[in-house]
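# Observations on chain architecture
Chain by chain, the residues run as shown.
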Amino acid sequence: MGTVCNQPPTLNVTVKDVSLVFPPQQQTHRNSIFLSNIDRVLNFPVETVHFFPSHKDFPPQLVADILKTTLSQLLVPYDFLAGRLRSNPETGRLEIDCNSAGIGFAVASSDYALDDIGDLVYPNPAFGQLVCKSVDSLEQDNQPLCIVQVTSFKCGGFAMGIVTSHVTFDGLSFKIFLDNLAALVAGKPLALSPCNDRRLLAARSPPSVSFPHLELAKFHDSTPPVIDPTSEALDFKVFRLTSEDIANLKDKAKASGGAHSGARITGFNVVTALVWYCKALSWDKPDPERVSTLLYAVNIRPRLVPPLPISYTGNAVLTAYGRAKCKEIEEAPFAGLVELVTEGAKRMTDEYARSAIDWGEIYQGFPDGEFLVSSWWKLGFEEVDYPWGRPRYSCPVVFQRKDIILLFPDIEDKNGVNVLVSLPAKEMSNFENLFRNYLP
């Protein structure tokens, strides 16, 4: 059920060249980009890797040349991406200075063939070698907001590794960025013109917090505790759920519906309910009265009044939550758990979202719960159609954290999902037993 994979500890990557890519012409009017309260707390890097098999018409060096040229063109509609983070000298607020300072671009090679690096679904720390973390010739406060690395494999395949500051994109807007990159590479117009007006998510004046926001916690330091590596040794496993497993979970929820008519029975909700059940009850020292809080992200674009443009480039996701005592989680029918998950998203109305944004204007804080379900399942990075084909697989570079459980798409079963879990050994054993026994 939970799989462990043998992978090479290093990909023997050699970086051949690192350079900067600039917009085709300097801006005559220099401006800055306002960052919303959602953007501001996400000031950390996000690394993704996109693997491509060999293509006779597009050897890796040609792809690198094409991407470098196309990225320059793309920095016109995405001018902020070539900018730099700075504090506004008058307000002290973090913003993007659109100074056309450029993005990074690296070309590298690996001694391995693509088929030799193991199961791409199973995150390998060595995948981090496929991403250029910084441009060494630049000072720390002048690092690009985006760096792209093209790494060729012996077989003629290649990986496109991209690191961006999370202030630039959320998952949905990054997918649109990739769609636009693929369109320009193919000589087509933009798939969707980006909406760069971050003030659409500015706090109200004066701010008005009308909900308790149990999903948020204040912190005293101005830097959010984004990466908080545990001192515990963690086991790491991937739990694969096939499309049949997910269909069976939906049937189980429907069969136990009864009084739980509020349950919205979707693939995400049933998988998240199962994960919550296993995580909450896997603790080494069970406490039936302990309150378990599940967190997950909700796209607020269609939930606001009026709705945000689909092409809004900033972070337009907020944290939904579910809370229950462990004994309630253990005793509830499956539909009851699904209903608790559903309530988190239902709570996210226009007023609730605006209240959460206003909360960030008053307090320094960050989402707070037992664990976060971070879903890359339906983002569709692997569906982006480049002239050299779609990626064999796309995934973030994963850091093991016991408070984050990731949902990744599957390579073969397009409606299946991979659940990536990091836990101490005893808790992992409990989680695996609960997971296996709960499936219909």
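Residues numbered from 1 in each chain as written. Predicted model: local features only at pLDDT ≥ 70, side-chain atom pairs only at ≥ 80, totals over all residues. Heavy atoms only, no water.

The protein chain has the name Omega-hydroxypalmitate O-feruloyl transferase in an unreviewed UniProt entry, where Hibiscus sabdariffa is given as its organism. According to the UniProt record, the Sequence similarities (unreviewed entry) comment for the protein chain is "Belongs to the plant acyltransferase family." (UniProt positions renumbered as here; feature names shortened; annotations may be inferred.)

## Description of helix α8 (residues 350-362)
Over its 13 residues, α8 runs 19 Å from end to end, which matches the ideal 18 Å to within 8%, given 1.5 Å per residue. Judged by how many residues are buried, α8 sits mostly within the fold: 10 of 13 residues are covered. For α8, the complete set of buried residues consists of D350, Y352, A353, R354, S355, A356, I357, D358, W359 and G360. (Helix = DSSP H or I, 4+ residues; strand = E, 2+ residues; numbered from the N terminus. Expected span 1.5 Å × (residues − 1). Buried < 20%, exposed > 50% of the residue type's maximum accessible area, 1.4 Å probe, protein only.)

## Re the layout of surface pockets
Reported here for the second largest pocket is a volume of approximately 530 Å³. Along its surface, the second largest pocket is lined by 20 residues, and N43, Q140, Q143, P144 and S165 are the ones closest to its centre. At three residues, strand β9 (residues 158-165) tops the list of elements feeding residues into the lining of the second largest pocket. (1 Å grid on protein atoms, 1.4 Å probe; cavity = no way out; pocket = protein on both sides within 12 Å on 5 of 7 lines; lining within 4 Å. Points joined across faces, edges and corners; volume = space filled by probe spheres on them.)

## Some remarks on the pairing of strand β12 (residues 291-299)
Sheet analysis places β12 next to strand β13 (residues 317-325), joined by nine bridges and oriented antiparallel. Bridge pairing in β13 links T293 to R323. Where β12 lies against strand β15 (residues 371-375), three bridges are found, and the strand directions are parallel. Looking at β15, one finds that L295 is bridged to L372. (Pairing = 2+ DSSP bridges.)

## Some remarks on empty space enclosed by the protein
Over the atoms rolls a probe the size of a water molecule, and in doing so it shows where empty space is left. The final tally for this structure, using the stated rule, is two cavities of 30 Å³ or more. Estimated volume of the largest cavity: approximately 40 Å³. Every residue along the wall of the largest cavity is listed here: W376, L379, F381, E382, S394, C395, P396 and P409. Top contributing element to the lining of the largest cavity by residue count: strand β16 (residues 393-396), with three residues. Of the residues assigned to the lining of the largest cavity, the class counts are six nonpolar, one polar and one charged. Each pocket or cavity is described by its volume, and for the second largest cavity that value is around 30 Å³. Per-element accounting of the lining of the second largest cavity gives the leading share, three residues, to strand β18 (residues 417-423). The class makeup of the residues in the lining of the second largest cavity is seven nonpolar, two polar and one charged. (Nonpolar A, V, L, I, M, F, W, Y, C, P; charged D, E, K, R; others polar.)

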